[in-house]
Amino acid sequence: MVYKFGPNEQCLRRCRVIIPVILQAAERVTTQGVRVPSEHQTVVYPLMGWWQFTNRTAQALVSLYDQGYTIEAAPLMRNLMGHAYAMNWLADSGEPAVVALGEYWREHKRKLANNVNETWNLPEVITPSASEPLVFANPESERIHRKLMGELENFDTMVKAYGTADVYPVYRHQSAYSHTTGATADAFLIMDEGKLKFTTEPKGGEADITAERLWIPVALLQAAAAISPLLLGNPMKSTIDKAMNDLGLPHTLLNLQRTKPLL
């Protein structure tokens, strides 16, 4: 029997069951130790870290939702979506993306050090670790690097590169609860017969996180599908295939391919 994925109670129940199945399978893979073909090692190193982050973030989300927290967990949902998508980007783009990620992280640390040095009265100036300037084999390699940096710096640019621009409004919606916007105030305010009142819990309750609960297993499957083929034996494949079938999800959600070439 093929189920239809959507915002209904039957699908929500399946998601609740499947999330721990995916997480337990991932834990078995990492606990037993992974073997990585030499040609994939450079890419798998950051992917493995992101995979652990996405799995633990999903666990935290489920825990918060089950305790009645909704919009308070939105920053975690944003992180889950962004990292699962970035894992696909990293696996698809390969070693040039690893170089871009390293450069992006170095620039972040440099800016942080400058901020601290300008505003904190420390006994010694913080000096970021020195790194050699990037050297590109040819102009094409440099253009690829610039494009990958742009995608890493801007999630909207990344999703458009894969022909999935419709993902960004969801991410942006979650961002409204990750920053100091009116959204986080409005969630607790009610206009009743001309009087402004407040509530101690966000309006909407559980109904407001139906989409988020449905998307947690999707993000977990996207993350697992990004890293598993790069590990010896593709250890998550059977779990991914069964979960996709049980949820009635199209395989086009996984291992996304570029619609905008790097060159």
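Keep in mind it's a predicted model, so treat the numbers as computed, not measured.

1. A short note on helix H3 (residues 74–93)
With 20 residues, H3 should cover 28 Å at 1.5 Å per step; its first-to-last C-alpha distance of 28 Å lies within 8% of that length. Downstream of H3 by a residue or two, Gly94 has a phi angle that is positive, lying close to 75 degrees.

2. Quick notes on the pairing of strand S2 (residues 195–198)
Each regular strand shows side chains that alternate between the opposite faces of the sheet. In terms of strand pairing, strand S1 (residues 189–192) meets S2 through four bridges, oriented antiparallel. By the bridge assignment, Asp192 is partnered in S2 with Lys195.

3. A closer look at the packing of aromatic side chains
If you walk through the whole model with that rule in mind, you get four aromatic pairs. Considering the side-chain rings of Tyr85 and Phe155, the 5.6 Å spacing of their centres and the 80 degrees angle between planes classify their relative orientation as edge-to-face. Taken together, the residues Tyr85 in helix H3 and Phe155 in helix H6 (residues 155–161) connect sequence positions 70 residues apart. Judged by relative accessible area, Tyr85 falls into the buried class, the value being 4%.

4. Quick word on a nonpolar patch on the surface
A contiguous nonpolar patch, built from Leu189, Met191, Leu196 and Phe198 and spanning about 460 Å² of accessible area, is present on the exposed surface. Elements with a contribution of two residues or more to the nonpolar patch: S1 and S2. Relative to the assigned elements, Met191 resides in strand S1. Exposure remark for Met191: the relative accessible area of 57% places this residue in the exposed category.

5. Points about the environment of Leu196
Locating Leu196 in the fold gives a position in strand S2. On the basis of relative accessible area, Leu196 is assigned to the exposed category, the value being 58%. Taking C-alpha positions, Leu196 is 46 Å from Glu107, a pair spaced 89 residues apart along the chain. In this structure, Leu196 is in contact with Leu189, Ile190 and Met191, ignoring residues within four places of it in sequence.

6. A few points about unusual backbone geometry
Non-glycine residue Glu193 carries a positive phi angle of around 50 degrees. In this structure, Glu193 sits in the loop between S1 and S2. You will see that Asn234, though not glycine, has its phi angle at about 45 degrees, which is positive. The topology assignment puts Asn234 in the loop between helix H9 (210–227) and helix H10 (237–247). Judged by relative accessible area, which is 25%, Asn234 ranks as partly exposed.

7. Structural notes on the pattern of salt bridges
The tally for this structure, following the rule as stated, stands at twelve salt bridges. With its nearest N and O atoms 3.0 Å apart, the salt bridge here joins Arg213 to Asp66. With a gap of 147 residues between them, Arg213 in helix H9 and Asp66 in helix H2 (residues 41–66) connect regions that are remote in the sequence. Relative accessible area serves as the criterion here: at 49%, Asp66 is assigned to the partly exposed category. As a salt-bridge pair, Glu107 and Arg110 come within 2.6 Å of each other at their nearest N and O atoms. With Glu107 and Arg110 both in helix H4 (residues 95–119), this residue pair falls three residues apart, about one helical turn. For Glu107, a relative accessible area of 29% corresponds to the partly exposed category.

8. Topic: the nonpolar core
The biggest cluster of nonpolar side chains holds 67 residues, and the ones touching the most others in it are Trp51, Ile216, Leu221 and Met236. Here this core gets eleven residues from one element, more than from any other, and that element is H9. The residues touching Ile216, leaving out its near neighbours within four places in the chain, are Ile19, Ala58, Leu61, Val62, Tyr65, Met77 and Leu80.

9. Looking at H2
Its 26 residues give H2 an end-to-end C-alpha distance of 37 Å, which sits within 8% of 38 Å, the value for a rise of 1.5 Å per residue. Directly after H2, the chain includes Gly68, whose backbone phi takes a positive value near 100 degrees.

What counts and what doesn't
- Residues numbered from 1 in each chain as written.
- Predicted model: local features only at pLDDT ≥ 70, side-chain atom pairs only at ≥ 80, totals over all residues.
- Heavy atoms only, no water.
- Helix = DSSP H or I, 4+ residues; strand = E, 2+ residues; numbered from the N terminus.
- Expected span 1.5 Å × (residues − 1).
- Pairing = 2+ DSSP bridges.
- Phe/Tyr/Trp six-rings, centres within 6.5 Å; stacked < 30°, edge-to-face > 60°.
- Buried < 20%, exposed > 50% of the residue type's maximum accessible area, 1.4 Å probe, protein only.
- Patch = residues over 30% accessible without salt bridge, like charges linked within 9 Å, V, L, I, M, F, W, Y side chains within 5 Å.
- Areas by Shrake-Rupley, 256 points an atom, 1.4 Å probe, with all protein chains shown as cover.
- Salt bridge = Lys/Arg side-chain N within 4 Å of Asp/Glu carboxyl O.
- Contact = heavy atoms within 4.5 Å.
- Core = buried A, V, L, I, M, F, W, Y, C linked by side-chain atoms within 4.5 Å.

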